Amino acid sequence: MRKNVIKKKIITFVIVAILILGIFLVAFYFVKKSNSGTDSIMVTIEEANKELENYTFSEHDNLTFDCTVKNTDISKVVTFKSSHNLGEATDEEAQKCKDLIYLISGETVDESMREYYEGMSGTAIYYGENSGGEYYTGGTFITWKHDDADADMNERVVEKVLDPNDDLSGVSYKVSGEDYPVEEAIEYCDDYIEKNLTGYFNDGEELKLTDIAVVKSEYYEDYEYVMHYAHMIDGVAVDDCGITANADDYMHESYFELTLNAKDDIQFFNNRCYYQMEEVEDVKEIIPLSQAEQILSDTLSSNGGYKVSECELKYCCYVESGLDVFSEEYESEWLKGSYTYEPMWSFTLQNYEGQNYEANYLKFRTAYVNAITGEVIYYDMNSDTLERYEYQE
């Protein structure tokens, strides 16, 4: 009898020991899992920011840098979401569309000039006699005057792309029959935005002029200026590289631009693929640039030579669509979702070994390193190619 009791105690002890060991192993697994991946290369925002002071890029066999880091102050970093579609266009949003049309053209439009299109329930659209506009519930808007003002950029030739940080004194092109100094055009556009358009953007957000395209159009004599602005959130730009409304996966772009086809005369502006910031969360740690460039070099082909012409931390949004944008499913299902914006190190690439790089300023070959997950995204707008690579320790 006593032996049976001892035997039962031993069995009970073994079972308890096994359970404790199992719990320990499970706990160890999750602790190990939580400390794996990118944890070992993450640093605080303060440390990542400190690193950018007088930053020098490393040498790589397949990667060279013909640039400096654009934003050297990343003291605040967040993630956020933005709804695709916020429902039917409201009367207030319709009025905003009318106001923008009047601003650019002086023409007053009414409800008789409103257009309705299937699949665009969240858009207020008006066509006047010599102007028009579209206002989307997310804050995107496009406004123009003259019948041909919304011509596709692909029908224009980009003669030159100017950097506003360069010395542009004395740089001038003939626009609508007269010389128009670029610096004067910049001053006019900056003043125009400040006086007329700041109320159309998120509170605390700034616009930063990133480049000026000198464009030759088949519609006008001489040249046009296209002013390209980035949306800035506490010093970090929202990514402007991408083509939204693609049936496949894509990077969701957002930017603001103005087109002048005469001196101090704006004929078109576009607040492209805007966003309303929701579920904003502070980011405490990120992958620093030094680690990001190494990750990128390890991921890119060792047989190709890539030159980086721009580098900065941006808020980027990868969209996995899987739906045809012209289908009923896109309107009913996809637009109900939301975008997620995350900080990524953005590297604008130029391959200098035998490949022609199309010099359209809207067409980029860009690689991204997600500053949280370490994932690399390679996006070539010229060939509409997107490739993703998981982080490898």
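Rules used in this analysis
- Residues numbered from 1 in each chain as written.
- Predicted model: local features only at pLDDT ≥ 70, side-chain atom pairs only at ≥ 80, totals over all residues.
- Heavy atoms only, no water.
- Buried < 20%, exposed > 50% of the residue type's maximum accessible area, 1.4 Å probe, protein only.
- Helix = DSSP H or I, 4+ residues; strand = E, 2+ residues; numbered from the N terminus.
- Pairing = 2+ DSSP bridges.
- Salt bridge = Lys/Arg side-chain N within 4 Å of Asp/Glu carboxyl O.
- Phe/Tyr/Trp six-rings, centres within 6.5 Å; stacked < 30°, edge-to-face > 60°.
- Expected span 1.5 Å × (residues − 1).
- Arc of directions from axis to C-beta.
- Contact = heavy atoms within 4.5 Å.

A. Spotlight on the pairing of strand β12 (residues 224-233). Among the 10 residues in β12, 10 count as buried, and that is most of the element. Two strands pair when backbone bridges link them, and β12 and strand β15 (residues 255-262) are joined in this way by five bridges, in the antiparallel orientation. Across the sheet, residue H228 finds its bridge partner in β15, namely E257. Sheet topology places β12 next to strand β13 (residues 236-238); two bridges connect them, and they run antiparallel. When the bridges of β13 are listed, I233 appears paired with V236. Connecting the antiparallel pair β12 and β13 is a turn made up of two residues, with D234 showing a positive phi of about 50°.

B. Quick peek at the pattern of salt bridges. Summed over the entire model, instances satisfying the criterion amount to 15 salt bridges. Across the pair E310 and K70 runs a salt bridge, and its minimum N-O distance is 3.6 Å. With a gap of 240 residues between them, E310 in strand β19 (residues 306-316) and K70 in the loop between β2 (63-65) and β3 (78-83) connect regions that are remote in the sequence. Using a relative accessible area of 28% as the deciding quantity, one classes E310 as partly exposed. Close ionic contact of K98 with E111 constitutes a salt bridge, the shortest N to O distance being 2.9 Å. Linking K98 in helix α3 (residues 91-105) with E111 in the loop between α3 and β4 (114-115), this pair joins segments that are 13 residues apart in sequence. On the basis of relative accessibility, which here comes to 18%, the residue K98 falls in the buried class. With relative accessibility at 41%, the residue E111 sits in the partly exposed group. Via salt bridges that share partners, K98, E111 and R114 belong to a single interconnected network.

C. Region of the structure containing the packing of aromatic side chains. Scanning the model with the defined rule gives 23 aromatic pairs in all. Ring geometry for F141 versus Y200: centroids 5.6 Å apart, planes at 65°, classification edge-to-face. Of this pair, F141 sits in strand β7 (residues 141-145) while Y200 sits in the loop between α4 (182-196) and β11 (206-217), and the two are 59 residues apart along the sequence. You'll find F141 and Y200 in the same group, each marked buried.

D. Fine view of α3. With 15 residues, α3 should reach 21 Å at 1.5 Å per residue; the first-to-last C-alpha distance of 21 Å fits that figure. Among the residues of α3, E93, A94, C97, K98, L100, I101 and I104 are the ones counted as buried. Buried residues of α3 fall within an arc of 160° about the axis and therefore sit on the same side. Of the exposed residues in α3, those oriented more than 90 degrees away from the buried face are D91 and E92. As for α3, its buried residues are in contact with β4, β5 (123-127), β6 (131-136), β7, α4 and β16 (265-272). Of the residues flanking the end of α3, it is G106, one or two places downstream, whose phi is positive at about 80°.

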